[in-house]
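# Examination of the molecular architecture
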Amino acid sequence: MLNIQVKDQRNLVTEAELFQAMKDAAPILARAQAGEAKYADSQGWLDLDKWAGDRWLKEIEALADRVRKTSDAFVLIGVGGSNNAARSVIEALADGSGCEIIYAGNTLSPHALNKMLRSLEGKDYCIDCIAKNFETLEPGSSFRILREAMAKKYSPEEAARRTICTGTYGSSLEELCRAEGYTFVPFPTDVGGRYSAFSYVGLLPMAVAGIDIRALVRGGAEMAARLHAEGAESNLALRYAALRNLYNRKGYTLEMLASFEPQFRWFNKWWVQLFGESEGKDGKGIFPVAGEYSEELHAVGQYLQDGAPLMFETFLDVEEPTDHLIIHADGKRDFFDYLNEKDFWDINRAAFEATVTAHSGKMPCVLLKVGALDASHFGQLFYFFQFACYLSGEILGINPFDQPGVEAYKGWMFKALGK
Ligand code: PA5
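Structural notes, computed from the coordinates. (Residues numbered from 1 in each chain as written. Predicted model: local features only at pLDDT ≥ 70, side-chain atom pairs only at ≥ 80, totals over all residues. Heavy atoms only, no water.)

### Describing empty space enclosed by the protein
Scanning the entire structure with this criterion turns up three cavities of 30 Å³ or more. Put simply, the largest cavity is a space of about 100 Å³. Lining the largest cavity are Ser259, Phe260, Glu261, Phe315, Leu316, Asp317, Val318, Trp345, Asn348, Arg349 and Phe352. A breakdown of the residues in the lining of the largest cavity according to their chemical character gives six nonpolar, two polar and three charged. Here the second largest cavity defines a volume of roughly 50 Å³. Lining the second largest cavity, in full, are Tyr252, Tyr303, Leu304, Gly307, Ala308, Pro309, Leu310, Met311, Lys362 and Met363. In terms of residue class, the lining of the second largest cavity is made up of eight nonpolar, one polar and one charged. (1 Å grid on protein atoms, 1.4 Å probe; cavity = no way out; pocket = protein on both sides within 12 Å on 5 of 7 lines; lining within 4 Å. Points joined across faces, edges and corners; volume = space filled by probe spheres on them. Nonpolar A, V, L, I, M, F, W, Y, C, P; charged D, E, K, R; others polar.)

### Examining the sheet that holds strand β5 (residues 163-167)
Taken in spatial order, the five strands line up as β3-β2-β4-β5-β6 in an open sheet, and their pairing is parallel. The open sheet is flanked by β3 (100-104) and β6 (183-186), the only strands paired with a single partner. In this sheet, adjacent strand axes meet at a mean angle of 20° when their direction is disregarded. Pairing geometry for strand β2 (residues 73-77) and strand β4 (residues 125-130), over five bridges, is parallel. (Pairing = 2+ DSSP bridges. Helix = DSSP H or I, 4+ residues; strand = E, 2+ residues; numbered from the N terminus. Axes fitted to C-alpha atoms, helices over the stretch in contact; angles between N-to-C directions.)

### Description of a nonpolar patch on the surface
Residues Val300, Tyr303 and Leu310 make up a contiguous nonpolar surface patch of roughly 230 Å² in combined accessible area. Take Tyr303: it is sitting in helix α14 (residues 300-306). Of the residues examined, Tyr303 reaches a relative accessible area of 41% and is grouped as partly exposed. (Patch = residues over 30% accessible without salt bridge, like charges linked within 9 Å, V, L, I, M, F, W, Y side chains within 5 Å. Areas by Shrake-Rupley, 256 points an atom, 1.4 Å probe, with all protein chains shown as cover. Salt bridge = Lys/Arg side-chain N within 4 Å of Asp/Glu carboxyl O. Buried < 20%, exposed > 50% of the residue type's maximum accessible area, 1.4 Å probe, protein only.)

### Here's the deal with the nonpolar core
Of all hydrophobic cores here, the largest spans 110 residues; its most connected members are Met206, Phe267, Phe382, Tyr383, Phe384, Phe385 and Phe387. The greatest single-element share of this core, amounting to twelve residues, is contributed by helix α16 (residues 375-396). Mapping this core onto the domain boundaries places at least three of its residues in each of domain 1 (3-34 + 216-405) and domain 2 (49-211). Excluding residues that lie within four positions of it along the chain, Phe387 makes contacts with Leu29, Ala32, Gln33, Trp45, Leu46, Leu227, His228 and Ala237. Membership of the second largest hydrophobic core comes to 23 residues, among which are Leu146, Tyr154, Ala160 and Tyr182. (Core = buried A, V, L, I, M, F, W, Y, C linked by side-chain atoms within 4.5 Å. Domains from an automatic or database assignment. Contact = heavy atoms within 4.5 Å.)

If you want it as structure tokens, here you go:
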């Protein structure tokens, strides 16, 4: 189970201050635990059974099985919340037992799109167009070029059999599916893209890639049970939400999610989107950035240690070894003999601990303890951060479920293209 520890040599936020902030936010927690009428169209994710209960999992597993039996590859067409959750787990955990997952619908670059099309050559594949609002240009245009590619490779009936769409009931995407004989599966009407990990949106691509989606949902459900039971004085998500808002008020306006496990590379993107799109509103919000250590220590590490004091760090601290690799002596004078017979797991931990010691003299470091890097913990992380983001947005005083800024850019783009 996840846990939080704070390392801050200057004690910027005292336990008493944090305790008071959590107490002050008790009504926000109580409302979130009960579900709020004003957000009824966005809170279908709060109860995991609604879109990730056994009935749905059986359906998803059956469809994933059908895809795996007929395909080498599966094209996930989706942008933002429509691809980030699935991708973060697949890139971290897929072991080759399922289909190769290829991503489309998240770019308009012809170079990237041609590369994606080339990567499908010689492979049998299915496609899944995931779009809540089937007006978004990136997935809509990728869906077109993939339909064209499929029409060249398969008969119309076979291409239709290989086409899945994840859309909302009553949408133009559903109509298209009915007209063309594509498989239509639901994008929850009451869940926004970035909160949709526990639904067809996130779970179908994961299942196709061979991820244990039941373990993931169980992890999410355990976290949900905990966050709905814990009161304001001990609630883990409230603790994190209150802390980050206190840091923000003290001038720390950026949060860096950092980890020494590159397996989190795509999870970082999911997290950045969740907090960036949910909180950056009304001239407010903590700017989310992510760092993959050790790499970033040799880049923004300098800024973190010596630059303007803008940032606090949240570390994903994986406790159980992800792997082992011993570095052996080879008798050459390379001056690295102090590493002889050490395990990279321990070397990486030493680098992590050294970084926290160095950084916590300059900025607050929040350590989010993640027991192990597996499907169950990804489930816990998804639910934890979604719930924490909701609480944090409420403390900040913004609506964590809309994205008016994104809609604005879409409007200008449609105008430029003559829609
Ligand atoms: O989280 C969100 O709501 C957004 O990031 C959407 O997921 C993203 O804009 C894609 O939207 P759509 O699926 O409607 O094309």
